[in-house]
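Structural features, examined
The residues making up each chain are set out below.
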Amino acid sequence: GKSEFQAGFTKLAARKGVKSIAILASDTEGTLVWADMSRNAARRLGVQIVYDQKYPYNSIDFSSIMRAIDATRPESVYIAAYAPETSAILHVMEELGIGDDYKLFGGRLIGLQAGPLLQSLGERVNGIVNFNTYVPDLEFKGTKSFFETYRSRAKKAGIDVLGLYVAPFAFAQGQVLEQAVNGTKSLDGATLAKYMHQSEFDTIVGKFRFGPTGEWTEGRVLVTQFQGVKGNDLEQFERAGTQVILEPEAYATGELIMPYGK
């Protein structure tokens, strides 16, 4: 459910012995919910919250906020931000020369799942621990051929060439519907819904089942760390290894590098 969706960063922090966390969120419904999930997880796992604030949506100046966070000497910093805010926060941290000693930095920085921001930030993303839906370290039946087709079309269409964030799940939705129609030989909504709640589906994002509320019975929102990013070449993000999976543990493909500045 929602708590699993947001708690991966904090679960990882607690597992690695991190004692404190600073929480910052853009003032929108979604980002505040995500911050709330991280806050609840921190309390549950015994991680001390040393800073907990929100800022106006679409802010561009984060100098005073990031100084205030740094003054609390947090061991980890969780931020729920949208793409332009993500970019502004990372730039101001570089300008101020802060963050190198944070054990974990990231959380829910939107924009780092897509090509344009990754290309503009380049090596600045190294060390960030962030949520993800899909990264090249995962490969299932049909994944490779899907991305080959998607990327050749994306270049011509002038859209996000990487396509890691939404595209594979959009395609998997079609696969679920296709398998349900074939399994029931029906187009009736109630019949399809009943089948979807009872069956396992095999898609380009893996095998899964739906629980009573429509959530996957086993959550798999990823927490990854950017490692070894060099320059601004987008193609490196198409290969395994630049976004190492840390959570859930069952899918881990590498080890967390701490602190952030390392």
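Structure: see above.
Residues numbered from 1 in each chain as written. Predicted model: local features only at pLDDT ≥ 70, side-chain atom pairs only at ≥ 80, totals over all residues. Heavy atoms only, no water.

Details of the packing of helix α6 (residues 143-157) against helix α7 (residues 167-184)
Cut-off, in case you're wondering: With axes taken as lines fitted to C-alpha atoms, and helix axes fitted only over the stretch in contact, angles between N-to-C directions fall between 0 and 180 degrees. Secondary structure is summarised from DSSP: a helix means a run of H or I of at least four residues, a strand means a run of E of at least two, and numbering begins at the N terminus for each. By definition, any crossing whose near helix is turned counterclockwise from its far helix by less than a right angle is left-handed, and any crossing with a clockwise turn is right-handed. Residue contacts follow a heavy-atom distance rule, with two residues in contact if any of their heavy atoms lie within 4.5 Å. In this classification, Asp, Glu, Lys and Arg are treated as charged, Ala, Val, Leu, Ile, Met, Phe, Trp, Tyr, Cys and Pro as nonpolar, and every other residue, Gly included, as polar.
Two elements in contact, α6 and α7, have axes whose closest approach is 11 Å; the angle formed by their N-to-C orientations is 115 degrees. Helix-helix and strand crossings are classified by hand; for α6 and α7 the assignment is right-handed. Between α6 and α7, the contacting residues are Phe146, Phe147 and Tyr150 on the first element and Ala167, Pro168 and Phe171 on the second. For the contact of α6 with α7, a count of residues per class yields 6 nonpolar, no polar and no charged.

Brief notes about the environment of Gln113
Note the threshold: Distance and chemistry together define a polar contact, namely a pair of N or O atoms within 3.5 Å, with one atom able to donate a hydrogen and the other to accept it when in protein, and with adjacent residues in sequence counting only for side-chain atoms on both sides.
Tracing the chain through its elements places Gln113 in the loop between β4 (104-109) and α5 (115-121). Excluding residues within four positions of it along the chain, Gln113 makes contact with Asn130, Phe131, Asn132, Leu164 and Tyr165. A polar atom in the side chain of Gln113 sits 3.4 Å from the backbone oxygen of Leu109.

Regarding the packing of aromatic side chains
What counts here: Ring pairs are drawn from Phe, Tyr and Trp, using the six-membered ring of Trp, whenever the two centres fall within 6.5 Å, and their geometry is named by plane angle: stacked under 30 degrees, edge-to-face over 60, tilted for the rest. Relative accessibility thresholds used throughout: buried, under 20% of the residue-type maximum; exposed, over 50%; partly exposed, between the two (1.4 Å probe, protein chains only).
Scanning the model with the defined rule gives 18 aromatic pairs in all. Consider the rings of Phe146 and Tyr150, whose centres lie 6.0 Å apart with planes at 25 degrees: the pair is stacked. Taken together, the residues span about one helical turn, with Phe146 and Tyr150 both in helix α6 at a distance of 4 residues. Accessibility expressed as a relative area gives 18% for Tyr150, which makes it buried.

Description of unusual backbone geometry
A cis amide bond, omega -10 degrees, links Glu247 with the succeeding residue Pro248. Relative to the helices and strands, Pro248 resides in the segment after β9 (243-247). Cis geometry is found at the peptide bond from Met258 to Pro259, where omega equals -10 degrees. Here Pro259 lies in the segment after β9. In this structure, Arg73 is a non-glycine residue whose phi angle is positive, near 50 degrees. Position of Arg73 relative to the elements: it lies in the loop between α3 (63-71) and β3 (76-81). In this model, Lys185 sits at a positive phi of 55 degrees, which is unusual for a non-glycine residue. As for its placement among the helices and strands, Lys185 is situated in the loop between α7 and α8 (189-198). Judged by its relative accessible area of 71%, Lys185 falls in the exposed class.

Section: the nonpolar core
Selection criterion: Buried residues of nine kinds, namely Ala, Val, Leu, Ile, Met, Phe, Trp, Tyr and Cys, make up a nonpolar core once their side-chain atoms join them within 4.5 Å.
In terms of nonpolar packing, the biggest core is built from 52 residues, with Met66 and Phe105 touching the most fellow members. Examining the composition of this core, we find that 5 residues originate from one element, helix α4 (residues 83-96), more than from any other. Dropping the residues within four chain positions of it, Met66 is found in contact with Leu24, Ile79, Ile89, Val92, Met93, Leu96 and Ile98. Residues Phe9, Leu12, Tyr78 and Ile110 belong to the second largest nonpolar core, which totals 21 residues.

Some points on the pairing of strand β5 (residues 129-132)
The condition is simple: Here, strands pair whenever DSSP counts at least two bridges between them. Handedness is read with the strands pointing away from the viewer; a crossover is right-handed when the path from the first strand over the helix to the second is clockwise.
Of the two faces of β5, the one holding Val129 and Phe131 and the one holding Asn130 and Asn132 are both buried throughout. Taken together, the 2 bridges between β4 and β5 define a ladder with parallel strand orientation. Residue pairing across strands places Gly107 opposite Asn130, the latter belonging to β5. Taken together, β4, α5 and β5 form a β-α-β motif whose crossover is right-handed. Note that β5 and strand β8 (residues 222-226) share 4 bridges and pair antiparallel. Residue pairing across strands places Asn132 opposite Leu222, the latter belonging to β8.

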